[in-house]
Amino acid sequence: MTSAYADPPPVTVRVPAKVNLELNVGPVRADGYHSLSTIYQAVAIYDDVTVAIADDWGVAVTGPLAAGVPADETNLALRAARLLGTHVGSAEPVHVTIRKNIPVAGGMAGGSADAAAALVACDALWDAGFEREELIDLAAELGSDVPFLILGGTAMGSGRGEQMASALARGTFHWVFALSDEGLSTPAVYAECDRLRARAGVAVPEPRPTPELMSALRAGDARALAATLRNDLQEAAISLRPALGEILAAGLDEGALGGVVSGSGPTVAFLVATPEAGIDLAVALTASGMTADVRRASGPTHGAHIIPTRVD
Ligand code: C5P
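Just so you know, these numbers come straight off a predicted model, no measurement behind them.

Cut-offs and rules
Residues numbered from 1 in each chain as written. Predicted model: local features only at pLDDT ≥ 70, side-chain atom pairs only at ≥ 80, totals over all residues. Heavy atoms only, no water. Pairing = 2+ DSSP bridges. Helix = DSSP H or I, 4+ residues; strand = E, 2+ residues; numbered from the N terminus. Axes fitted to C-alpha atoms, helices over the stretch in contact; angles between N-to-C directions. Contact = heavy atoms within 4.5 Å. Core = buried A, V, L, I, M, F, W, Y, C linked by side-chain atoms within 4.5 Å. Buried < 20%, exposed > 50% of the residue type's maximum accessible area, 1.4 Å probe, protein only. Domains from an automatic or database assignment. Near = heavy atom within 4 Å. Polar contact = N/O pair within 3.5 Å; in protein donor to acceptor, adjacent residues only side chain to side chain. Areas by Shrake-Rupley, 256 points an atom, 1.4 Å probe, with all protein chains shown as cover. 1 Å grid on protein atoms, 1.4 Å probe; cavity = no way out; pocket = protein on both sides within 12 Å on 5 of 7 lines; lining within 4 Å. Sits in = over half its atoms within 2 Å of the grid points. Nonpolar A, V, L, I, M, F, W, Y, C, P; charged D, E, K, R; others polar. Arc of directions from axis to C-beta. Salt bridge = Lys/Arg side-chain N within 4 Å of Asp/Glu carboxyl O. Parallel < 35°, antiparallel > 145°, perpendicular 65-115°, else oblique. Left-handed = near helix turned anticlockwise from the far one by under 90°.

Participant: Tell me about the sheet that holds strand β10 (residues 268-272), residues and numbers included.
Facilitator: If you walk across this open sheet you meet the 4 strands as β9-β10-β7-β11, and the pairing is antiparallel. Either end of the sheet is taken by a strand with one partner, and the two such strands are β9 (258-261) and β11 (293-299). Neighbour to neighbour, the strand axes of the sheet diverge by 25 degrees on average, direction disregarded. Pairing geometry for strand β7 (residues 173-179) and β10, over 5 bridges, is antiparallel. Directly across from A178, in β10, lies its bridge partner V268. In the packing of helix α9 (residues 243-253) onto the sheet, contacts are made with β7, β9 and β10, and the angle to β10 comes to roughly 10 degrees.

Rendered as structure tokens:
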């Protein structure tokens, strides 16, 4: 018989990866971050994060891409759980299990996604009853991308990327992602962007969303969207990892409508017209031997949401 005092059952939250359809990087702010104008889209590559009441705080990482994710106090999902805990009177410690499927340090918000999932999961586990807006505010303390992974869909990010406004998008877009073996450090890519800009001596304007991109999204027009994909960090990512330029060229040669480095890279995202075109491109990229792995996914998809906990 279940006791009235038994621990609540574990909670699992599924959270998507993201791609930046555009990432406009503005000047460095007084706090050291860059002001951004970005359009995020959630894509159907997911991590599952399970939280369970435990004697002590802890984290474990499982799944195909577990290697490279810290399973210690620096883990962003564990930090998210602890952060929410400080806002909950007498929160019991939790153990966080991450089933990792989103590329690590790939520019697809893998770590940020897990943090977003942990916030949503712990809120449910502790029955804390936070409003989504409150969780989004806490998410911003953990990282610039974390609020978007709670929201999902397609959204505009401003500030340092954490201020959200939904963007109108019609239909489904089909993506092919070319992954690299080794991640790129986000701060290193921003620093390289600064270095290249200083060398070129160009003035950096305040970033703004591109009207053509917004109207392509509203129309659900993949071809028009492909023409507007853009990332101010792309040159820096290619400067640090020249092979990315070759992968981009290869994907476009093989029939992608458009291609762009995702976030701070090194993942390269290609937009294709149909799922079938995605299969063809994935086969061609795999055969080229230029990429460590290739994944297909559609977007937009939902942000962090509770799913049944798997027993295995
Ligand atoms: O916010 P988050 O922790 O994800 O950012 C990681 C790093 O990326 C920051 O420490 C900073 O170096 C860089 N960054 C930036 N401007 C932004 C977002 C991130 O310079 N708007």
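Participant: An account of the nonpolar core is requested, with residue identities and associated values reported.
Facilitator: A general trend in soluble globular proteins is that nonpolar side chains are found buried together. Membership of the largest hydrophobic core comes to 73 residues, with the highest contact counts inside it found for V96, W175 and F177. The dominant element in this core, judged by the number of residues it contributes, is helix α2 (residues 110-125), at 10 residues. Each of domain 1 (11-168) and domain 2 (173-299) gives at least three residues to this core. Core analysis: the next-biggest nonpolar cluster, separate from the first, contains 25 residues, L23, L244, L248 and V268 among them.

Participant: Before we move on, can you summarise the site of the ligand with the specific residues and values?
Facilitator: Taken together, Y33, H34, L36, G143, S144, R160, T186, P187 and Y190 are the residues near the ligand. Taking S144, its side chain carries an N or O atom lying 2.5 Å from an oxygen atom of the ligand. When the ligand sits alone it has 450 Å² of accessible area, and the protein chains cover 75% of it. More than half of the atoms of the ligand fall within 2 Å of the grid points belonging to the largest pocket. For the shell around the ligand, the elements supplying multiple residues, two or more each, are β2 (34-53) and α5 (186-200). It is α5 that provides the largest number of residues to the shell around the ligand, a total of 3 residues. Residue composition of the shell around the ligand, by class: 4 nonpolar, 4 polar and 1 charged.

Participant: Quick rundown of α9? Include the residues and the values.
Facilitator: Among the residues of α9, L244, I247, L248, A250 and G251 are the ones counted as buried. Seen from one end, α9 has its buried residues packed into an arc of 165 degrees, which puts them on one side. Exposed residues pointing more than 90 degrees away from the buried face of α9 are listed as E246 and D253. Against the buried residues of α9 lie β7, α8 (234-240), β9, β10 and α10 (275-288). Following α9 by one or two positions, G255 has its phi on the positive side, about 105 degrees.

Participant: Pulling in residues and values, what's your account of the pattern of salt bridges?
Facilitator: The tally for this structure, following the rule as stated, stands at 8 salt bridges. In this structure, the salt-bridge partner of R195 is E192, at a minimum N-O distance of 2.9 Å. Remark: E192 and R195 occur in helix α5; sequence separation between them is 3 residues, near one turn of the helix. Residues participating in the shared-partner salt-bridge network are D47, K100 and D114.

Participant: Pulling in residues and values, what's your account of the packing of helix α1 (residues 76-86) against helix α3 (residues 132-142)?
Facilitator: Here α1 crosses α3 at 130 degrees, and the two axes come no closer than 10 Å. Here α3 runs oblique to α1, going by the angle between their axes. Crossing hand, α1 versus α3: right-handed. Each of L76, R79, A80, L83 and L84 in α1 lies in contact with α3, whose residues at this interface are L135, L138, E141 and L142. Counted by class, the contact of α1 with α3 contains 7 nonpolar, no polar and 2 charged residues.

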